[in-house]
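Breakdown of the fold
The lines below spell out each chain.
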Amino acid sequence: MDHFLYRDGALHAEDVPVADIAAAVGTPFYCYSTATLERHFRLFDEALEPMDHLVCFAMKSNSNQAILKTLAALGAGMDVVSGGEYARAKAAGVSGDRIVFSGVGKTAAEMRAALEGGIRQFNVESEPEMEVLSAVATSLGVTAPVALRINPDVDARTHAKIATGKSENKFGIPIARARDAYARAAELPGLEVVGIDVHIGSQLTELEPFEMAYRKVADLTEALRADGHAIRRLDLGGGLGIPYTRSNEAPPLPSDYGDLIKRTVGHLGCEVEIEPGRLISGNAGIMVSAVIYVKHGEGRDFLILDGAMNDLVRPSMYDAHHDIVPVFEPEPGLEQTPYDVVGPVCESGDTFARGRNMPPLKPGDLVAFRSAGAYGAVMSSEYNTRPLIPEVLVRGDQFAVIRPRPTFDEMIARDNIPEWLS
Ligand code: LLP
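All of these numbers come straight from a predicted model, not from anything done at the bench.

A closer look at the overall build of the protein
Across its full length, the protein holds 12 helices and 21 strands. Each principal axis of the C-alpha atoms in the protein carries an extent, and together these give about 70 × 60 × 40 Å. Of all intrachain contacts in the protein linking residues separated by at least 6 positions in sequence, the fraction that spans at least 24 positions is 71%.

Quick notes on the sheet that holds strand β2 (residues 10-13)
Pairing between the strands of a sheet is mediated by backbone hydrogen bonds and can be parallel or antiparallel. Taken together, the 3 strands give an open sheet; going across it, the order is β1-β2-β3, and neighbouring strands pair in antiparallel fashion. Only two strands of the sheet have a single partner each, and these edge strands are β1 (4-7) and β3 (16-17). Where β2 lies against β3, 2 bridges are found, and the strand directions are antiparallel. Within β3, the residue paired with His12 across the bridge is Pro17.

A look at the site of the ligand
Around the ligand, 21 residues are found, and the nearest of them are Ala58, Ser202, Gly238, Gly277 and Tyr375. Of all elements in the fold, only α10 (278-281) and α11 (314-318) reach the threshold of two or more residues within the shell around the ligand. Grouping the amino acids of the shell around the ligand by side-chain chemistry returns 7 nonpolar, 9 polar and 5 charged. When residues of the shell around the ligand are sorted by domain, at least three fall in each of domain 1 (4-31 + 282-412) and domain 2 (34-279).

Some thoughts on the environment of Thr143
The residue Thr143 is located in the loop between α6 (127-140) and β9 (144-151) in this model. Along the backbone, Thr143 and Val193 are 50 residues apart, and their C-alpha atoms lie at a distance of 10.0 Å. The residues touching Thr143, leaving out its near neighbours within four places in the chain, are Ala137, Gly190, Leu191 and Glu192.

Overview of the UniProt feature "active site" (unreviewed entry) in the protein
When the UniProt feature table is mapped to this numbering, "active site" (unreviewed entry) covers Cys346. Inspection of the secondary structure puts Cys346 in the loop between β17 (337-342) and β18 (351-358).

Some details on the nonpolar core
Among the nonpolar cores identified, the biggest contains 112 residues, and Cys31, Met78, Leu133, Val146, Leu148 and Val288 are the most heavily contacted of them. The leading source of residues in this core is helix α8 (residues 208-226), at 6 residues. When we break this core down by domain, the ones giving at least three residues each are domain 1 (4-31 + 282-412) and domain 2 (34-279). In this structure, Val146 is in contact with Gln121, Phe122, Val124, Leu133, Ala185, Leu191, Glu192, Val193 and Val194, ignoring residues within four places of it in sequence.

Concerning helix α5 (residues 108-117)
Those residues of α5 that sit buried are Glu110, Met111, Ala114 and Leu115. Taken down its axis, α5 places every buried residue within 130 degrees of arc, on the same side. For α5, exposure combined with an orientation more than 90 degrees from the buried face picks out Ala109 and Glu116. Packed against the buried residues of α5 are α4 (83-91), β7 (99-101), α6 and β9. One or two steps after α5, the chain reaches Gly118, where phi turns positive at roughly 105 degrees.

Reading the values: rules and limits
Residues numbered from 1 in each chain as written. Predicted model: local features only at pLDDT ≥ 70, side-chain atom pairs only at ≥ 80, totals over all residues. Helix = DSSP H or I, 4+ residues; strand = E, 2+ residues; numbered from the N terminus. Contact = placed C-beta atoms within 7 Å. Pairing = 2+ DSSP bridges. Near = placed C-beta within 6 Å. Nonpolar A, V, L, I, M, F, W, Y, C, P; charged D, E, K, R; others polar. Domains from an automatic or database assignment. UniProt positions renumbered as here; feature names shortened; annotations may be inferred. Core = buried A, V, L, I, M, F, W, Y, C linked by C-beta atoms within 7 Å. Buried ≥ 20, exposed ≤ 12 C-beta atoms within 10 Å, placed from the backbone. Arc of directions from axis to C-beta.

Put into structure tokens, the structure is as follows:
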């Protein structure tokens, strides 16, 4: 459920007509709903009651500080994967003891910054990383809380580019090596083993892969405790999928997911962390774009928009489907026409959809890409020297620009010309 609904024929973000925002900020732009963000966060938070738990928002899905502040105000922690994300979370006012640091390639500098600024735990993904973290913590005279990310060799049954829990993926320590890795962590100075971490992939639309992974985590918890490790925290990752179409998809609900967690690991008495990204931010955002031209091609019509692959890369990168709806509802009974929906970028991959049935549209008409709040703005680029598009946050009948569109001058001024060229 989200808060982007038609009222009197016009798409609204909560109580704000989307066309009013377009008139104020220009197109294309991202628009987020506070109510949807809050609703989705609470669904997870309540699903884990009454367990001792922390929902750490995977801020890679949407890292605007206004979004982080909205969620942090509800009690969210953050899952960060880079020094930049760590700094952003801190800038948004999240305290270090609510930040977990994931990622396969943490540098010593990133570790140092997090240890100095405060960190809840590092999710350590390899033995070499463990050695470096030990050295960094020791040099600072502090102890780093760690969970080892285990690769459970489970097929997440999702798009290959976003599956992470199979042995061929670069993530985590193979489960067969886990006990040796924990033994090594326990003997290294400057590390305190607090738990186990697992994340098997993103946009999972079934619970079975989670169940297989979490059962393995439960068995491992018992084995590690028998080895003398005080496992008190389980980070179960993110990955629960969302419906990208209005019609047939019905991924499991956070409440079913919460029940599964209780069933598989609840008996262990551990504090539970989860790292959802997409399910919190995905359907809390749309990307709004205007039609520039309707071009009649050979046997097909192209709807050429002012938004492009650099603004929303998911269709080109993962063949992802996003519903595209007109901002003004068409008259009932109007016949739909198939369009190839494309952007202005100079490559054929800049295609959002092929043969998509839409009501007849003309230049200047506005369309909204649904489910664009996760992995949308954060994956955008300035390819073709197209400015990063603005982000707008709606709350009730108010809206605010939470990232402005840069001017061409600002973009161009970032280049430095070496002396020999000036
Ligand atoms: N935790 C870890 C360690 C992760 O790697 C990820 C996502 C998450 C949590 C959050 O997963 P979520 O709940 O959002 O599914 N750009 C791709 C998705 C990449 C996901 C990367 N890791 C897309 O647009 O589909």
